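# Working through the structure, step by step
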Amino acid sequence: MSGLSLSRKTDAIRLSDWYSKLPIGIASLTTHLPTTCTSMTLDSRIPSGTLQQKWDSFKEHCKLVNPNNKRKHTVLVVGTGLAGASAAATLAELGYNVKSFCIQDSPRRAHSIAAQGGINATKNYPNDGDSVWRLFYDTIKGGDYRAREANVYRLAQISNSIIDQCVAQGVPFAREYGGGLANRSFGGAQVSRTFYAKGQTGQQLLLGAYSAMMRMVAAGRIELFPRREMLELVVINGQARGIVVRHLLTGELERYSGDAVLLCTGGYSNVFYLSTNGQNSNVTAAWRCHKRGAYFANPCYVQIHPTCVPVSGDYQSKLTLMSESLRNEGRVWVPKNAGDPRSPNDIPESERDYYLETRYPAFGNLVPRDVASRNAKYMTDQGKQAGTGGLAVYLDFRDAIAQVGPEAIAQRYGNLFDMYQRITNENPYETPMRIYPAVHYTMGGLWVDYHLMSTIPGLFVLGEANFSDHGANRLGASALMQGLADGYFVIPSTLSDYLARTAIPAVHTEQDEFVSAAVDARARLQKLLSIQGNKTVMTYHRELGQILWDKVGISRDRAGLEGAIAQVQMLRQDFWQNVCVPGEPNTLNKNLELAGRVADFLELGELMARDALAREESCGCHFREEYQTADGEAQRNDTEFSHVFAWEYGDNGQPPTLHPEALTFEAVELTQRSYK
């Protein structure tokens, strides 16, 4: 199978001269397109020593804040998902005064609750050869060698402690008959290292972190502020010292000061409109920090999950994930004959194409998500799809049910099967599931160093909101691992080091910087309400999502990315002239909330296309059609692009500035990623 090679090809063009090759029509519309690339060195502050020693060395030599002094420090934690809840609980138990903010009515509604399949760790309970090194290597290989070695190894080191912590909290992980914790396989690995609680692992882990956090709320160590949306970061003398939030029920703008700000607000997948994220998930908090000076790293790295319920109509506002764990025992296939109209149960074995098993015999259906998604697109592009109701492939449990029985399958995946049946009115025990790729997770995010601190001193970024651990593709069951590692185990040490080393003068919320930030936030809201155009916010969001899905989605090419930049710019201009936002600012106003978030998505969408255009290679989820191997796999360019793209916001209409961070690899050899 020569496979995924696609017809459109263009010549490679250096970053410095790509603008000059734009068609005249596009160039005339995009006067700000030239992107500056600087030689400024970003200091990742990776400790010295061998890979295995770095984290322990840091903890042994970092500065500490003594218990009495911890009570003098206030930390603002924005977001109450796994990263935010675990960080707030841990810091409060250590003695810090914590203020916790979330946009939901309860921290339990954070989007981490939607994670299904599991969380990785290297306990090696199945005795199948797992180790810290193997988890590290699988993760950095899965990310196509576009992540920092030191960060990824630290994540693998911490993984076992996360499981111990969560078991102690009472998280009901699945167990074997003898009482030991159960494991299952996930994509990109040849060992079983994923701990799970049926198909609701994220929910159970979040309840554990939430319980720990609420214990500190009851003890008076955490002050909880629900239904608040962060609209501005307050920077004083170069340090992050506070935030401005909007109370979503009253519309009141509130100011809060602290000695550090922890941003734990998740990813930006909803820039595509249709994604597996809940509608409240957004980029606004991170984007406002970006506009205050925090660099945004690798925004084009967006994971397309291969196992989702297909789109069924224009009325949908989100898509539903079917856990990657289903690929443990479900077999992915399409009819060998394009346009085959028969029911899947009527298609004989000889006319089924189990394309992942054929193309990738070593990993089969458990290839990483980017590989599975591209192959599903390739099959449906050829007209080989599941049924006639739209783009889909089959995920079939016939063989697994015959082998272990329906009761065993129901015990492992029953809630997922029930959810699928409610959505599609099809019984997956009797008829193969129909699945198709959908936007799911973002590996890009605000740039952070080894300490999880952004380019703004005092602004720490945890979990999916940062870029640090997954490179160009996240392996399944690693998101929950990163969020809890950052919150429970990393930030307590790195925050202490910052507070102990840094002079942090007292501030108050009546200072000019706080007043100015609140004025900026109010002016933006008033501007949105004043336009009174004739198009809804949702109209713009849908159109933006379609542009990005078509041209910055599963695959990209130069012409499409150039067109996307121009289209997003024109759409953004139209938005600020013709959007209609009804209602008032000083009350509950969902239209106003959404308008602010879509306005930020319209800026982010352009940066994503710029980032994808500047990276002239294919790696992980970033598949540039011009750069692929003879058999259609991603073709990296390690000589010129083995680095992080960190973007500085361009003030006053200026283009963003690119600050590359070189990635060095001392422990692993960069090889062509292969799962065959």
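On a predicted model such as this, the values are computed, not experimentally measured, just so you know. (Residues numbered from 1 in each chain as written. Predicted model: local features only at pLDDT ≥ 70, side-chain atom pairs only at ≥ 80, totals over all residues. Heavy atoms only, no water.)

Turning our attention to the sheet that holds strand β4 (residues 119-120). Here 3 strands make up an open sheet; going across it, the order is β4-β6-β5 and the pairing antiparallel. In this open sheet, the two edge strands, each paired with only one partner strand, are β4 and β5 (184-185). (Pairing = 2+ DSSP bridges. Helix = DSSP H or I, 4+ residues; strand = E, 2+ residues; numbered from the N terminus.)

Pairing is parallel in the open sheet, where 5 strands are placed in the order β7-β3-β2-β11-β19. A single partner strand is all that each edge strand has here, and the edge strands are β7 (222-225) and β19 (459-461). Strand-to-strand twist of the sheet, defined as the mean angle between neighbouring strand axes without regard to direction, takes the value 20°. As paired elements, strand β2 (residues 74-78) and strand β3 (residues 97-101) share 5 bridges and run parallel to each other. Opposite Val78, over in β3, you have Phe101 as the bridge partner. The sheet contacts of helix α13 (residues 479-501) involve β2, β11 (260-263) and β19, and relative to β19 the element is tilted by about 165°. (Axes fitted to C-alpha atoms, helices over the stretch in contact; angles between N-to-C directions. Contact = heavy atoms within 4.5 Å.)

This next bit is on the side chain of Asn151. With respect to the secondary-structure elements, Asn151 resides in helix α6 (residues 149-169). At 3.3 Å, the side chain of Asn151 and the side chain of Arg148 are in polar contact. Setting aside anything within four residues of it in sequence, one finds Asn151 in contact with Asp449, Tyr450, Ser468 and Asp469. (Polar contact = N/O pair within 3.5 Å; in protein donor to acceptor, adjacent residues only side chain to side chain.)

Here we come to the environment of Gly238. Tracing the backbone shows Gly238 in the loop between β8 (228-236) and β9 (239-247). Judged by relative accessible area, which is 40%, Gly238 ranks as partly exposed. Along the chain, Gly238 and Lys70 lie 168 residues apart, while their C-alpha atoms are 22 Å from each other. The residues contacting Gly238, other than those within four sequence positions of it, are Ile456 and Pro457. (Buried < 20%, exposed > 50% of the residue type's maximum accessible area, 1.4 Å probe, protein only.)

Another aspect to go through is the packing of helix α7 (residues 201-218) against α13. Following both chains from N to C, one finds α7 and α13 inclined at 10°, their axes separated by 11 Å at the closest point. As judged from the angle between their axes, α7 and α13 are roughly parallel. Within the contact between the two elements, α7 uses Thr201, Gly202, Leu205, Gly208 and Ala209 and α13 uses Leu480, Leu484 and Tyr488. (Parallel < 35°, antiparallel > 145°, perpendicular 65-115°, else oblique.)

Soluble globular proteins tend to pack their nonpolar side chains together in the buried interior. Judged by nonpolar contacts, the single largest core of 159 residues is most densely connected at Ile119, Ile243, Leu262, Leu263 and Leu459. Per-element tally for this core: the top contributor is helix α17 (residues 590-614), with 13 residues. Aside from chain neighbours lying at most four places away, what touches Ile243 is Leu76, Val78, Phe101, Met230, Glu232, Leu233, Val234, Glu254, Arg255, Tyr256, Val261 and Phe514. Judged by nonpolar contacts, the second largest core, of 28 residues, contains Val309, Val371, Ala376 and Met379. (Core = buried A, V, L, I, M, F, W, Y, C linked by side-chain atoms within 4.5 Å.)

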